[in-house]
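# Breakdown of the fold
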Amino acid sequence: LPEFENINSTNIETTHVYLDKNSQIWINNDLIEAENAEVILYQFLSTETEKRGIEFIASRSSSYQSYLKMMEIFELVYLRLEAEKGKISRNIVFREPN
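Remember, it's a predicted structure, so these values are computed and weren't measured experimentally.

Rules and cut-offs
Along each chain, residues carry numbers from 1 onward, in the same order as the chain's sequence is written. For a predicted model such as this one, the threshold for reporting local features is a pLDDT of at least 70, and the threshold for listing and counting side-chain atom pairs is 80 or more; totals across whole chains, interfaces and linings nevertheless cover every residue. Note: side-chain values were computed over all heavy atoms of the structure, leaving out hydrogens and water. Being paired, for any two strands, means DSSP has found at least two bridges between them. Only DSSP runs of H or I with at least four residues qualify as helices, and only runs of E with at least two residues qualify as strands; both kinds are numbered from the N terminus onward. Helix axes are fitted only over the stretch in contact, all axes being lines through C-alpha atoms; the angle between N-to-C directions runs from 0 to 180 degrees. Note on contacts: a residue pair qualifies if any of its non-hydrogen atoms lie within 4.5 Å across the two residues. Looking down the strands as they point away from you, a crossover is right-handed if its path from the first strand over the helix to the second goes clockwise. Residues grouped as a nonpolar core are buried Ala, Val, Leu, Ile, Met, Phe, Trp, Tyr and Cys residues, joined through side-chain atoms within 4.5 Å. Burial status follows relative accessibility: with a 1.4 Å probe on protein chains alone, a residue under 20% of its type maximum counts as buried, one over 50% as exposed, and anything between as partly exposed.

Pairing in this open sheet of five strands is mixed, and the strands run β3-β2-β1-β4-β5 from one edge to the other. Where the open sheet ends on each side, the last strands, each with one partner, are β3 (30-32) and β5 (92-95). If you compare each strand with its neighbour and ignore which way they point, the axes differ by 30° on average. Alignment of strand β1 (residues 13-19) against strand β2 (residues 25-27), held across three bridges, turns out to be antiparallel. In the strand pairing of β2, Tyr18 is matched with Trp26. Contacts from helix α1 (residues 34-45) reach β1, β2, β3 and β4 (52-58), with the element oriented near 145° to β4. In the packing of helix α2 (residues 64-85) onto the sheet, the strands contacted are β1, β2, β4 and β5, and the crossing angle to β4 comes to about 175°.

As structure tokens, then:
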């Protein structure tokens, strides 16, 4: 799994999402089924929403479909949060793979 840089200078606590070369989803070094990723991300972001975000790395070998699926999951999570909390910042950091 890749190393995630510390972005604490922004005062944003992030959860680390990695899409590996086999298009498997890892959240904070735990292998996660796609259907559970939305729930896990929502649970993390639902408290202190403005102070939390997502750091995302996708392997260059992962499929484009799986990348698009992750973008859809991020969108669904933030739409749900906005429906509950009103307008919020979408704190997503996209990182290049090592």
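Of note, Ser23 is a non-glycine position whose phi angle comes to about 65°, a positive value. Along the polypeptide, Ser23 turns up in the loop between β1 and β2. Its identity is not glycine, yet Asn28 carries a phi of approximately 50°, on the positive side. With respect to the helices and strands, the residue Asn28 is situated in the loop between β2 and β3.

Direction of pairing for β4 relative to β5: parallel, over a ladder of four bridges. Among the inter-strand pairings, Ile57 is bridged to a residue of β5, identified as Arg95. In terms of handedness, the path from β4 via α2 over to β5 forms a crossover that is right-handed.

If you look at the biggest cluster of nonpolar residues, it comprises 20 residues, and the most contacted ones within it are Val17, Leu41, Ile54, Phe56 and Met70. Going through the elements one at a time, β1, β2, α1, β4 and α2 are the ones with two or more residues in this core. No other element matches the six residues that α2 contributes to this core. If we skip the residues at most four places from it in the chain, Ile54 touches Thr14, Thr15, Val17, Leu41, Leu45, Phe74, Tyr78, Asn91, Ile92 and Val93.

What is shown is where atoms sit, not what they do.
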